[in-house]
Structure formats: C-alpha cells, structure tokens
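Fold and contact review
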Amino acid sequence: MALIVHKYGGTSMGSTERIRNVAKRVAKWARAGHQMVIVPSAMSGETNRLLGLAKELAPSQPNDDYRRELDMLAATGEQASSALLAIALQSEGMEAVSYTGWQVGVRTDSSYTKARIESIDDARVRADLTEGRVVVITGFQGVDDEGNITTLGRGGSDTSAVAIAAALKADECLIYTDVDGVYTTDPRVEPDARRLSKVSFEEMLEMASLGSKVLQIRSVEFAGKYKVPLRVLSSFTPWDIDINEEAKSGTLITFEEDETMEQAVVSGIAFSRDEAKISVLGVPDKPGIAYHILGAVADANIEVDVIIQNLSKDGKTDFSFTVTRNEYARTVELLKTKVLPSLGASEIVGDTKICKVSIVGIGMRSHVGVASKMFRVLSEEGINIQMISTSEIKTSVVIDEKYMELAVRALHKAFDLDQPAA
C-alpha cells in the first residue's frame, strides 16, 4: 500500500461529468489499496470569472487591502470543486472528506495573490487516512499568521499538491493535466514536438522558469527540495485504464541522471510571451547602481528576469531588465516616482512586444558550441537577439515577439528534437 497524491487541473474538473470521472479514477486507486489525497483546482474558467467581477469593482489604486479580498474571493473556486469531488467520491461508495487549506494548516506568508507556503500540519490528514478516508484538499491556498486566506498565484494548486506530498512523505505525486506529459516544446507551436518519458529535475526546473506551462515553477522547486517523486500525465485517458499502465504513463521527473539523458544535448525548447523589457538610460556608472534600481523593484515584490548593463560611455551607462507584462506598468511607475529623481538618469523606455526563447538540456554541460549554434540558427532566420542569459544547462534569448514561433520551430529542428530518442 502506498500513499499517493493526485492533483487535477481546472479542465479535469470542468463539469460535473468530468468530476465524476475524476472520482471514478480516484476510487480505482483507493480500491487498489492506496491511501489517497487529492488536490483539485477550481473548475475551468471559474477563477477568471471571479477575478473579472473583482476587476469591475476594483478601486482606482489597488493596494494590499484589495489584494487580500482578491484572495478571499479566488479561494472559493477551489473550495467548491473540492466539495463537489468529495460528494462524487461518496457516490462511488468511498468515505471522503474535503478540507480548505486553512483547515489542514497550510501556513503561508502574507504576500497576497502570490503567497509562499511555510509549513503544513499533516496530523488531521493522517488521522483520516488511517480511518480509510479519501482526503480532498483545496489547492492554490493557505492561511497566514493573522488568519487571512492567501493564494499562491496562478498554477498554485501544483505547488499545494507537491507541498502536501512532501509533508506526508508520499510515495509519488501525480499531476493530472490536459496534456499527457512534458514535451520537447509546445505541440501547438511545433507539431513535431515529442513527449519525453523522463526529464531531470534540473531540466524541468529550467523549463518551468522559462515559460513551460506544464508545471508551476514553485511546485518543481518543492519537488527538488524535498525529493518528491513527480509524474505528469493526462486526465483524459479512460478512468478505467489499467492502474499499472497508468502508473507508468506520462513523464517522470527524475532526480537521477542516467546515461541516456546525457546523450541529448538539448532536451527541450521553452518560451514565454509574458515578457516586457525596461531600459533606464543615462545611468551614472558607479558602484551600487544596479542595487539602487533593482532594490526598489525587489522591495515592491516584483520579480526581475534577464538583466543587462551596457558598457560605460562618458561616465553614463544604460541598464535594461525584463519583468512579466502584468508588472510592467507598475515597475515603470515605480522607477519614475522613486528611482529616477534620485538617480539622475535621463529617461526610461520600455517594450512589451518581446518574448523569451530558451534551449534547455543537462547535456549542455559537457558539449561546447551549443549557444553559438543557437545564435547561428536565429541569425539564418533573420531574427535579431536583444538580450542573452545563460546558465549551465540553458541559454535564453530575448527577441521580438513576432518571431517567437519561427524561432521555436527552427531551433527544434536544428537540435534534432523532432527525431525519436535514441
């Protein structure tokens, strides 16, 4: 008997019929003798609907009080789907109980709309599992030290599921989604993309951080930190598929690098449209200038990605960095009001029509010339590179958004990702 955590995305919970199919799948695993903890997302479209209502009523200057109410509102989506799934499980003859994040002690910090999990009290869940119940826990949410409901940001149910699996020391965490695993790139952009039977934790972490939407990056960080075995698989296979076949399907995110993984120089192409570039021009070239600019941005809880500082000319330099598009306007306003006056910089310019394209692979550690091959391929397609960022196992470029799909397809072919694995 194993302790298994299942996570189901919004499309899997999109209707009563789909919830019924989830219940039948979970019941199959429970009848096979496994202890089951389920973390569902809200029904597809529900969170957007709720946040859309809030936007209509929002104050002109949203602040933390407003963001607190957004979390209070958004958390109800998962509460509804968890209760519905528990009811469907009861209809299948299962003893099932649903809990909100705060009822089972998912403690977070107070960063509304993007809180981070700090601890989980597993006592109540373990007691129910011992009594033979299937436990359903709302994803995406927790409670801070003041008793306020918090949410973990988009895709936060993935993080909830992995964190709960870590707290319970689960044998495996299965992430059921609307795709049947992790692909070499998005099949909607490159039809020849292949599903990977396994991918290393490091590669998955890079892919998630670089725009791959299969898993939220914090869920992968949790999996790596606590060594939670993670598998991504499809919720649209028939619920009565053989359990042994199902347990080996999808993509396994593994912590062990084997010889076959070393053969692939590049494992995948990730991309993100959710990018905006900000350049602070005419900055005095002196020590501490990067901190002066980015310290204020960090204090506002805004994440910065690619950073470039140009060579100094006449004691002045240009400083550029990227943020997510939804943080662009807030960042520019912050720079203009709090940074520019004390900096003496000449102006701030921005570009929201950019994207980031990245190649990822642990094989890049032991192969030279991978980045230069990437740059050559883009050059041959007439694509100009605006910014470059590298690590041991990835190279990212910022380019004009209109060339994104062309870049992905060209790189996918150039690195033979359309060919079956050896």
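Details of the structure are given in the entry above.
I will try to describe carefully the structure that is included in this document. (Residues numbered from 1 in each chain as written. Predicted model: local features only at pLDDT ≥ 70, side-chain atom pairs only at ≥ 80, totals over all residues. Heavy atoms only, no water.)

With that settled, consider the sheet that holds strand 14 (residues 251-254). As summarised here, the arrangement of the 8 strands in space is 3-6-2-1-9-13-14-12, forming an open sheet in which the pairing is mixed. The sheet terminates laterally at strand 3 (96-99) and strand 12 (198-200), the two strands that pair on one side only. The mean inter-strand angle of the sheet, taken between neighbouring strand axes irrespective of direction, is 20 degrees. In this sheet, strand 2 (residues 35-40) lies alongside strand 1 (residues 3-8) in parallel orientation, the contact comprising 6 bridges. Across the sheet, the residue bridging to Val 5 is Val 37, located in strand 2. Along the sheet face, helix 6 (residues 201-209) touches strand 12 and strand 14 and points at about 85 degrees away from the line of strand 12. (Pairing = 2+ DSSP bridges. Helix = DSSP H or I, 4+ residues; strand = E, 2+ residues; numbered from the N terminus. Axes fitted to C-alpha atoms, helices over the stretch in contact; angles between N-to-C directions. Contact = heavy atoms within 4.5 Å.)

Most of strand 15 (residues 268-284) sits inside the fold, with 15 of its 17 residues counted as buried. Here strand 15 runs beside strand 18 (residues 347-360); their pairing, made up of 11 bridges, is antiparallel. Bridge pairing links Ser 272 to Lys 356 in strand 18. The sheet contact formed by strand 15 and strand 17 (residues 316-323) spans 7 bridges and is antiparallel. Within strand 17, the residue paired with Ala 276 across the bridge is Val 323. (Buried < 20%, exposed > 50% of the residue type's maximum accessible area, 1.4 Å probe, protein only.)

Taking strand neighbours across the sheet as the criterion, the 6 strands line up as 16-17-15-18-20-19 in an open arrangement whose pairing is antiparallel. Two strands in the sheet have a free side with no partner beyond their single neighbour: strand 16 (307-309) and strand 19 (387-391). Across this sheet, the average inter-strand angle for adjacent strands is 25 degrees, counted without regard to direction. Of the strand pairs in this sheet, strand 18 and strand 20 (residues 394-400) are connected by 7 bridges, and their pairing is antiparallel. The residue of strand 20 that forms the bridge with Val 357 is Val 397. Each of strand 15, strand 16 and strand 17 is contacted by helix 10 (residues 289-299), which is oriented at about 30 degrees to strand 17, the strand it contacts most. Along the sheet face, helix 11 (residues 328-343) touches strand 15, strand 17 and strand 18 and points at about 25 degrees away from the line of strand 15.

Here we take up the pattern of salt bridges. In this structure the tally under the stated criterion is 25 salt bridges. Here Arg 325 makes a salt bridge to Glu 401, at a shortest N to O gap of 3.2 Å. Linking Arg 325 in the loop between strand 17 and helix 11 with Glu 401 in the loop between strand 20 and helix 13 (404-414), this pair joins segments that are 76 residues apart in sequence. Take Arg 325: its relative accessible area is 27%, and that puts it in the partly exposed class. For Glu 401, a relative accessible area of 22% puts it in the partly exposed group. (Salt bridge = Lys/Arg side-chain N within 4 Å of Asp/Glu carboxyl O.)

A few words on the packing of aromatic side chains. Summed over the entire model, instances satisfying the criterion amount to 4 aromatic pairs. Aromatic pair Tyr 8 and Tyr 176: ring centres 4.7 Å apart, planes at 10 degrees, arrangement stacked. Taken together, the residues Tyr 8 in strand 1 and Tyr 176 in strand 9 (residues 172-177) connect sequence positions 168 residues apart. Taken individually, Tyr 8 and Tyr 176 each receive the classification buried, so the pair is uniform in this respect. A ring pair is formed by Phe 201 and Phe 255, whose centres lie 5.7 Å apart and whose planes are at 35 degrees; its orientation type is tilted. (Phe/Tyr/Trp six-rings, centres within 6.5 Å; stacked < 30°, edge-to-face > 60°.)

Our focus in this paragraph is empty space enclosed by the protein. Applying the stated rule across the entire model yields 1 cavity of 30 Å³ or more. If you trace the largest cavity, you find it lined by Val 104, Ile 120, Asp 122, Val 125, Ile 137, Ile 164, Ala 167 and Leu 168. The biggest single contributor to the lining of the largest cavity is helix 5 (residues 156-168), with 3 residues. (1 Å grid on protein atoms, 1.4 Å probe; cavity = no way out; pocket = protein on both sides within 12 Å on 5 of 7 lines; lining within 4 Å. Points joined across faces, edges and corners; volume = space filled by probe spheres on them.)

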